[in-house]
Amino acid sequence: MDHDASQKPANPYTNPIWRQWILGGHHSGARRLQDLALNLYNARAWPKVDMADIARLSSDHWECAQAMLLDYRQHGENNRQFIALCEKVAEVREQELKLVASQEPID
């Protein structure tokens, strides 16, 4: 992903396709993007991100991951769309974890 220094990169969290991937996490590449977003958002609560998986993403997913990393490098947690999206994803993931925990047998 080459950017002209004078060209401001697009916000990855407003790109409709990338946003859908990150929100939905309905396939493995999208789930890896979710992992990356959550890790950037709160690494203590969401430490699991396998950078080898990120590096092996398809070209279109890799482009999204690069944009996410660049956006975080430039804006950190000052991107409102990033924070809002991650809050939604974190809420869904927390519900998933509770559901899994409630279904585990107690010894």
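Values in this document were obtained by computation on a predicted structure and should not be read as measured data. (Residues numbered from 1 in each chain as written. Predicted model: local features only at pLDDT ≥ 70, side-chain atom pairs only at ≥ 80, totals over all residues. Heavy atoms only, no water.)

Visitor: It is not clear to me how helix α4 (residues 59-75) should be interpreted in this structure. Could you clarify?
Guide: Structurally, the α-helix is built with 3.6 residues per turn, so residues lying three or four positions apart point the same way. Compared with an ideal rise of 1.5 Å per residue, which puts 17 residues at 24 Å, α4 spans 24 Å between its outermost C-alpha atoms and is within 8% of the ideal. Those residues of α4 that sit buried are H61, C64, A65, A67, M68 and D71. End-on view of α4: buried residues confined to an arc of 160 degrees, all on one side of the axis. Structural note: α4 exposes S59 and R73 on the side pointing more than 90 degrees away from its buried face. If you follow the buried residues of α4, they end up packed against α1 (16-24), α2 (28-41) and α3 (51-55). One or two steps after α4, the chain reaches G76, where phi turns positive at roughly 55 degrees. (Helix = DSSP H or I, 4+ residues; strand = E, 2+ residues; numbered from the N terminus. Expected span 1.5 Å × (residues − 1). Buried < 20%, exposed > 50% of the residue type's maximum accessible area, 1.4 Å probe, protein only. Arc of directions from axis to C-beta. Contact = heavy atoms within 4.5 Å.)

Treat this as a map of the structure, not an account of what it does.
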